[in-house]
Amino acid sequence: MTVDFFAHAALPAPQVRPEEAARIAALLGVPGQAEELGSQQDANFLLRAEDGSVLGVLKIANPAFGAAEIEAQDEAAERIAAACPELRVGTVLRAEDGSPRAAVVDTVSGPVTARMLRHLPGGTLTGSRHLSPRTVAAIGRTAGRVSATLREFRHPGLDRVLQWDPRHADRVVALLLPHIQDPAQRAAVATAAAGAWRALDEQREQLPCQAVHMDLTDDNLVVAEGGPVPTPDGVIDFGDLSTSWAVGELAVPLSSLLHHDGIEPHDVLPAVLAFHAERPLLPVEARALWPLVVLRAATLVVCGRQQAAIDGESNGYVHAALEREWRIFEQATSVPTEVMTALLLDGLGLALPRKAVVPAAPLLADLAPAELAVLDLSVDADAMDRGAWLDAEVEDRIARQHLAAGAAGVLAPYGQARLSRSRVLSAASPATVPTGADLWPARDAVLRAPWDGRVVRVEPGRIVLDCAELTLRLQADRAEVLVGEDATVDAGDRLAILPAGVRARVTLQRGGTSEAPDFVRPEYAPGRLALTADPAPLFGLPAHEEPADATLLARRAASFASVQGHYYDQPPRIERGWRHHLVSDQGRAYLDIVNNVSAIGHAHPAVERAVTRQLRRLNTNSRFHYASVVDFSERLAALLPAPLDTVFLVNSGSEAVDLGIRLAVGATGRPDVVALREAYHGWTYASDAVSTSLQDNPNALATRPVWVHTVDSPNSYRGRHRGAEAHRYAPEAVRAVDELAAAGRAPGAFVAESYYGNAGGVALPDGYLEQLYAAVRRHGGLAVADEVQVGYGRLGHWFWGFEQQGVVPDIVCVAKAMGNGHPLGAVITSKGVADRYRDQGYFFSSTGGSPVSSVVGSTVLDVLRDEDLQGNAVRVGARLKAGLAALGEHHPLVGAVHGSGLYLGLELVRDRTTLEPATEETAELCERMLGLGVVVQPTGDHLNVLKIKPPLCIDAEATDFFTATLDRALRELGH
Ligand SMILES: Cc1ncc(COP(=O)(O)O)c(C=O)c1O
């Protein structure tokens, strides 16, 4: 005897009180305290020993379930445990003699099977927390492993009729629909379920069946214990094990993802791909998947409401689920099933290649294709330069320019993401991908039917024509429509007259699909475009080719060394920057919080003008005599206090630090150098030698050359001396310098960032550099300041970091901001130090101080001054810092906000007392921030500090967006 839902209609959970549960557990040989756990149809209890330790889970099965069913469940669990050692599984506990701890016991609900199961500590994925793509993939992988393992499992107890079995979803929904009280909700569920069931018509008979767990929801996926970011590694509750459609094993976890914060339908793709990798989906299964997600959602809604009605208020677990179930349903139906199916097929590589349409007659008989100008509105388009994409009228403006230049018509293509549709400071990607083409005719133009067809709709400025497999939609303000509704037309018949200069939209859809919006978000574009066709052939032009950039990342990996990393696992392709925005090839504008190099903003027109002008005239090396290098060197030297008056121009920060060290060693004749631990100064031999940041090189401390000596990282937040005790760092470091000198190795240089950038913008303790510089100089060495990151006005109140410490170095190394992305670095020192270099080394840089570099350098200084960007760093930085500090009031993960001006660090910790770094949480947060439109990255030896160093032109609106988005992401991730 196995259960038949339609015979029982409802399966009330057995009524067992905790005391009774404890008695049953004792009977099974596990005496202890019983605590109730939630369950929809069974009664579950956690059994604890007197010392609080967990002994197992007592599961009292629904009385409707027979012995064979329970045996099948236990066997399936054991099979998975054996086949998937990486998974923890809620198997039945066995007595010393190997027999399962199970028995049939009497309860007020009648005789029931009770058994003790293994308890898997760590909790489940229950709750609405956002899940990262990595976690989503792990869920799919787990389901795939379970499915692959159960493929050959046969047992009489699998032959059951459960309400969760999607093979019966139509009947279950019909039966239980009256339990939905709200008429609108009832109608929505009925319509969606009927549509999804219809969508399965072609697949139903071909879907393979097998044993399925059928309940791999977030409630039954256990996460690794103590893991800071939830990763499923365990499976429990085999109560719904049954034979059913194999693909249902994936539909269940997909639907359960949909109630999590910030998860929308396209976010399930990593789970689908991971499942597919473990247990490949047949095309027929891929086509059935989203209809099954919708049916699962509908089933959840009706069953949840029915169970609530049966159990009344007594089953709190069921009530808590009602809201969640409705959210799943809303999400599952928020995108048309046909679009999701096409999207999944595309993601799985199972989509059929699209064929270009062939018109029987041209849409514009009087316009030759060669007379049409095709607009490029993509991220690469020259027409989008200098922020033109932010002008709402840009498409029409560019089209009119082409018409004015003599084009007979202008066409904006189908399917190509338009930068003109982008939006800045947007948490959701904007709809940038057109599902049709736009046309601007120079003269009044007659539109003709491209095929035989029937006019199915005529409205002012709009005609819909059904032509066999395709539906043609024409829309244009003030178009004169020449046909009536229901008219039958032949190919070449006149449909409408478009007025000159007015935009018309032409859309071609596959017959019977829902009306495509004019633009779709890039995430859904492959799904939506699969249901439409490129109208270009109607104008005699070739159809749009998908750019083959899916392989770009692989090509990068093939030609790069692994040490040349990139941000993010799946990075967006960034092809444009503007001010404090970075723009992807999909037209998504991200707020740029990390690019301190682009100090005056991306693609600054003043730099562009200066560079192109200089490139047209001269670019050579500084052994020639020209004005720009003199002008720039003078201006640079003027920014520094006496006696720093001599400038070397190089191409990067690494070169600057390298040269700085060589100058010091040359001038002092002493090879030894003292540097701070955990710092980064560059990749060249000498700059790398003084870099001991573990993130940049985990072996750093063990591999330093003998001439490098490091002193403690003077981090006043998490170092050995914290807060008021931080004053201890300086005397300790001075002692180390003195000891070196006493040992006959007095250092030639002390190298340090003058504001601790690599630790996330932590200010050095007051007086630190003063004491260290004095000690080094006392022994004949020189003070080298690395201002590569922190200098050039970013700190707001100070142009140079050393000003904050009240010292003047002997050698200053500068780069990054000074070139705004152009390779430019400098070392500024005194004439005395510079002149001694000649005895020791040689200096010539082919491109350092070139006319172009010098012009860039001067222009950046002009812009810093003219746009008062240092002042902006003070004002906007203060507002930002206050906003970030306020986040700490609601989010315990926020440990501290470091920094000054627009050089800030948000340090994330698991515990504000132990300061345990929240490394994994920070990585997940950065990933989520990208999804919400913000590029921000971690720094520090524990990668737990968000480095906040945006272009200095950032405004309050953008930093407020950043703060609000951080607040949202921290909330979504449960911090
Ligand atoms: C403090 C510091 N010094 C030096 C460098 C090296 O500069 P570059 O990358 O221009 O060689 C960096 C780069 O990140 C840096 O942060």
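Residues numbered from 1 in each chain as written. Predicted model: local features only at pLDDT ≥ 70, side-chain atom pairs only at ≥ 80, totals over all residues. Heavy atoms only, no water.

- Within an unreviewed UniProt entry, the label attached to the chain reads Aminotransferase, and the organism entered is Streptacidiphilus pinicola.
- Listed under Sequence similarities (unreviewed entry) in UniProt, the entry text for the chain is "Belongs to the class-III pyridoxal-phosphate-dependent aminotransferase family." (UniProt positions renumbered as here; feature names shortened; annotations may be inferred.)

## Section: the overall build of the chain
Here is step 1: Broken down by element type, the chain carries 26 helices and 39 strands.
Here is step 2: Judged by the C-alpha coordinates and their principal axes, the chain covers about 100 × 90 × 45 Å.
Here is step 3: Out of the 975 residues in the chain, the part that is buried amounts to 58%.
Here is step 4: Within the chain, residue pairs in contact and separated by at least 24 positions form 74% of the contacts whose partners lie at least 6 positions apart.
Here is step 5: Working note: accessible area of the chain is about 38,500 Å², and carbon and sulfur atoms make up 52% of it. (Helix = DSSP H or I, 4+ residues; strand = E, 2+ residues; numbered from the N terminus. Buried < 20%, exposed > 50% of the residue type's maximum accessible area, 1.4 Å probe, protein only. Contact = heavy atoms within 4.5 Å. Areas by Shrake-Rupley, 256 points an atom, 1.4 Å probe, with all protein chains shown as cover.)

## As for the site of the ligand
Here is step 1: Taken together, S652, G653, S654, Y680, H681, G682, E753, D786, V788, Q789 and K816 are the residues near the ligand.
Here is step 2: A distance of 2.8 Å is found between an oxygen atom of the ligand and a backbone nitrogen or oxygen belonging to G653.
Here is step 3: For the ligand, an oxygen atom lies 2.5 Å from a polar atom in the side chain of S654.
Here is step 4: In the complex, the protein chains occlude 83% of the 390 Å² of accessible area that the ligand would expose alone.
Here is step 5: Its residues assigned to classes, the shell around the ligand shows two nonpolar, six polar and three charged. (Near = heavy atom within 4 Å. Polar contact = N/O pair within 3.5 Å; in protein donor to acceptor, adjacent residues only side chain to side chain. Nonpolar A, V, L, I, M, F, W, Y, C, P; charged D, E, K, R; others polar.)

## Side note on the pattern of salt bridges
Here is step 1: Tallied over the entire structure, the rule returns 60 salt bridges.
Here is step 2: Here R718 ties to E907 by a salt bridge, and the two come within 2.6 Å at their closest N and O atoms. Here R718, found in the loop between β30 (708-711) and α19 (729-742), pairs with E907, found in strand β36 (residues 903-908); they are 189 residues apart in sequence, far enough to count as distant.
Here is step 3: Overall, R718 belongs to the buried group, its relative accessible area being 17%.
Here is step 4: Taking the relative accessible area as the measure of exposure, E907 reaches 1% and is therefore buried.
Here is step 5: For D866, the salt bridge goes to R865, with nearest N and O atoms at 2.8 Å. (Salt bridge = Lys/Arg side-chain N within 4 Å of Asp/Glu carboxyl O.)

## Things to note about the sheet that holds strand β8 (residues 221-223)
Here is step 1: Spatial strand order, β4-β9-β8: three strands in an open sheet with mixed pairing. Bordering the open sheet on either side are β4 (88-89) and β8, each of which pairs with just one other strand.
Here is step 2: By the bridge criterion, two bridges tie β4 to strand β9 (residues 232-235) in an arrangement that is parallel. Directly across from V89, in β9, lies its bridge partner V235.
Here is step 3: Contacting β8 and β9, helix α4 (residues 133-150) crosses the sheet at an angle of about 35° to β9. (Pairing = 2+ DSSP bridges. Axes fitted to C-alpha atoms, helices over the stretch in contact; angles between N-to-C directions.)

## A few points about the sheet that holds strand β2 (residues 43-48)
Here is step 1: Spatial ordering of the open sheet is given by β1-β2-β3-β6-β5, a layout of five strands whose pairing is antiparallel. Unpaired on one side and paired on the other, β1 (33-37) and β5 (102-107) mark the two borders of the sheet. Strand-to-strand twist across the sheet, computed as the mean angle between neighbouring axes with direction ignored, equals 30°.
Here is step 2: Where β1 lies against β2, five bridges are found, and the strand directions are antiparallel. Residue E35 lies in a different strand from β2, and its bridge partner there is L46.
Here is step 3: On top of the sheet, helix α2 (residues 18-27) reaches β1, β2, β3 (54-60), β5 and β6 (110-117); it is set at about 145° to β5, its chief contact.

## A few points about helix α12 (residues 394-404)
Counting along an α-helix, one turn takes 3.6 residues, and residues three or four places apart therefore face a common direction.
Here is step 1: Of the residues making up α12, those classed as buried are V394, E395, I398, A399 and L403.
Here is step 2: Looking at the buried positions of α12, the neighbouring elements they touch are β12 (409-412) and β14 (436-441).
Here is step 3: Where α12 ends, the next residue or the one after it, G406, has phi of about 110°, a positive value.

## Examining the side chain of T471
Here is step 1: Examined against the element boundaries, T471 turns out to sit in strand β18 (residues 470-476).
Here is step 2: What makes T471 buried here is its relative accessible area of 16%.
Here is step 3: A distance of 2.8 Å separates a polar atom in the side chain of T471 from a polar atom in the side chain of D466.
Here is step 4: Ignoring any residue separated from it by four or fewer positions in sequence, one finds T471 in contact with V464, L465, D466, T507, L508, Q509 and G511.

## Things to note about the packing of helix α9 (residues 283-311) against helix α11 (residues 337-347)
Each pair of packed helices gets described by two things: the angle between the helix axes and the distance between those axes.
Here is step 1: At a minimum axis distance of 9 Å, the contact between α9 and α11 shows a crossing angle of 140°. It follows that α9 is oblique to α11 by the angle criterion. When you trace α9 past α11, the crossing you get is right-handed. Of the residues in α11, those touching α9 at P283, A286, R287, L289, W290, P291 and V294 are T337, M340, T341, L344 and L345.
Here is step 2: Partitioned by chemical class, the residues of the contact of α9 with α11 number nine nonpolar, two polar and one charged. (Parallel < 35°, antiparallel > 145°, perpendicular 65-115°, else oblique. Left-handed = near helix turned anticlockwise from the far one by under 90°.)

## Side note on the domain arrangement of the chain
Here is step 1: Taken domain by domain, the chain holds domain 1 (5-117), domain 2 (133-346), domain 3 (369-539), domain 4 (645-841) and domain 5 (869-972).
Here is step 2: Computed over C-alpha atoms, the centres of domain 2 and domain 3 are 38 Å apart.
Here is step 3: Counting residues at the interface gives 11 residues for domain 2 and 11 residues for domain 3.
Here is step 4: Surface buried jointly by domain 2 and domain 3 totals about 870 Å² across both partners, of which 63% is contributed by carbon and sulfur atoms.
Here is step 5: The largest contributions to the domain 2 side of the interface with domain 3 come from E338, V339 and L343, which together make up 49% of the buried area.
Here is step 6: Across the domain 2-domain 3 interface, the total number found is one salt bridge.
Here is step 7: Run the count over domain 2 and domain 3 and you get four residue pairs in polar contact (both at pLDDT 80 or more).
Here is step 8: Taken together, the residues that form the side of domain 2 that touches domain 3 break down as seven nonpolar, one polar and three charged. (Domains from an automatic or database assignment. Buried area = accessible area lost by both parts, 1.4 Å probe.)

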